[in-house]
Amino acid sequence: MNKVEILEYNTERSKLIIPEYGRHFQKMVDHAVSIADAEERNKIAKSIISVMGNLQPHLRDVPDFQHKLWDQLFIMSDFKLDVESPFPITSKEVLQQRPEPLEYPQNFPKYRFYGNNIKRMIDVAISWEKGDMRDGLEYAIGNHMKKCYLNWNKDTVDDAAIFKHLFELSEGKIDLAAGGESLTDSGQFLKNRVVKTSNRNNGKKNQRSNNNRGKKRY
């Protein structure tokens, strides 16, 4: 018979339940399942656990890790292995349960460009008593919102739009428009942004120059 004809390809083999352990481990588990004698079956199962623990010797004696190894042994046997486990056997149904979906915060998706922290700042401002400190914080919040708006939207924005958004986010408790406030000019924010970008680019250019200094040129 041609040797090529007896080759066994992975595509023709049974699917590995936990591929990280490899096919030889799976064959050992399948052999343990096929053993009729209960005492011999338990002995083989403990031997397999010992070999599995040798893959991570620094964890093999940790109780939680031992429990994990036994769970993996039962998973690889498709829960057909009838042996005495030193730990409670996790049922197949429990392992197949889907986790509860995570609830992501969607505070104000309408104004995402302001970020989630802006609502916390507004809540703090509302909790303060009316006075100079609160007025200063409300003005700082308005300026911060204007800067965020300019970063993600346009090169200019009318203060009235920021006041409207702040009034809405604070549920009508902060009204800078009523006080006739004027926020920092948009040009100042844009000027600062250009300066920061220029400094960052110059820093990268100087770093590249220093890295090339002293190198031989041919």
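Please refer to the structure placed before this passage.
Source: prediction; values computed, not measured. (Residues numbered from 1 in each chain as written. Predicted model: local features only at pLDDT ≥ 70, side-chain atom pairs only at ≥ 80, totals over all residues. Heavy atoms only, no water.)

### A short note on the overall build of the chain
At step 1: Along the backbone of the chain there are eight helices and zero strands.
At step 2: Seen in sequence order, the chain has helices and strands lined up from the N terminus as α-α-α-α-α-α-α-α.
At step 3: When burial is assessed residue by residue, the chain has 27% of its 218 residues classed as buried.
At step 4: In the chain, once contacts between residues fewer than 6 apart in sequence are set aside, the share between residues at least 24 apart is 53%.
At step 5: Element-wise, carbon and sulfur atoms account for 51% of the exposed surface of the chain, whose accessible area totals about 16,300 Å². (Helix = DSSP H or I, 4+ residues; strand = E, 2+ residues; numbered from the N terminus. Buried < 20%, exposed > 50% of the residue type's maximum accessible area, 1.4 Å probe, protein only. Contact = heavy atoms within 4.5 Å. Areas by Shrake-Rupley, 256 points an atom, 1.4 Å probe, with all protein chains shown as cover.)

### Considering the pattern of salt bridges
At step 1: If you walk through the whole model with that rule in mind, you get five salt bridges.
At step 2: For the salt bridge of R41 with D82, the shortest nitrogen-to-oxygen distance reads 3.9 Å. On the criterion of sequence distance, the pair formed by R41 in helix α2 (residues 38–54) and D82 in the loop between α3 (63–76) and α4 (92–95) is long-range, its members being 41 residues apart.
At step 3: Judged by its relative accessible area of 55%, D82 is exposed.
At step 4: Of the charged contacts in the structure, one is a salt bridge between E138 and R134, with a shortest N-O distance of 2.7 Å. Of this pair, E138 and R134 both sit in helix α6 (residues 132–152), four residues apart, roughly one helical turn. Across the pair, exposure class does not vary: E138 and R134 are buried alike. (Salt bridge = Lys/Arg side-chain N within 4 Å of Asp/Glu carboxyl O.)

### Some remarks on α6
Each α-helix winds once per 3.6 residues, and so residues spaced three or four apart point in a common direction.
At step 1: Here α6 spans 31 Å end to end across 21 residues, near enough to the 30 Å set by a 1.5 Å rise per residue.
At step 2: Among all positions in α6, only R134, L137, E138, I141, G142, N143, M145, K146, C148, Y149 and L150 are buried. (Expected span 1.5 Å × (residues − 1).)

### Things to note about the packing of aromatic side chains
At step 1: With the rule as written, the count across this model stands at six aromatic pairs.
At step 2: Aromatic side chains W70 and F74 sit 6.3 Å apart centroid to centroid with 35° between the ring planes, which places their arrangement in the tilted category. Taken together, the residues W70 and F74, both in helix α3 and four residues apart, mark about one turn of the helix.
At step 3: By relative accessible area, F74 is classed as buried at 3%. (Phe/Tyr/Trp six-rings, centres within 6.5 Å; stacked < 30°, edge-to-face > 60°.)

### A look at the packing of helix α5 (residues 117–127) against α6
At step 1: Closest axis-to-axis distance for the α5/α6 pair is 9 Å, and the angle between their directions is 165°. Taken together, the axes of α5 and α6 are roughly antiparallel relative to one another. The way α5 lies across α6 gives a crossing that is left-handed. Between α5, through I118, M121, I122, V124, A125 and I126, and α6, the contact on the second element is made entirely by R134, L137, E138, I141, H144 and M145.
At step 2: Within the contact of α5 with α6, the residues separate by chemical class into nine nonpolar, one polar and two charged. (Axes fitted to C-alpha atoms, helices over the stretch in contact; angles between N-to-C directions. Parallel < 35°, antiparallel > 145°, perpendicular 65-115°, else oblique. Left-handed = near helix turned anticlockwise from the far one by under 90°. Nonpolar A, V, L, I, M, F, W, Y, C, P; charged D, E, K, R; others polar.)

### Here's the deal with the nonpolar core
At step 1: Counting residues in each nonpolar core, the largest one holds 20 residues, and the members touching the most others are Y114, I141 and M145.
At step 2: Elements represented by at least two residues in this core include exactly α5, α6 and α7 (159–169).
At step 3: Top contributing element to this core by residue count: α6, with six residues.
At step 4: Ignoring anything within four residues of it in the chain, the contact list for I141 reads I118, M121, I122, A125 and L166. (Core = buried A, V, L, I, M, F, W, Y, C linked by side-chain atoms within 4.5 Å.)

### Regarding the environment of K164
At step 1: Relative to the elements of secondary structure, K164 occurs in helix α7.
At step 2: Separated by 12 residues in the primary sequence, K164 and L176 have C-alpha atoms spaced 8.8 Å apart.

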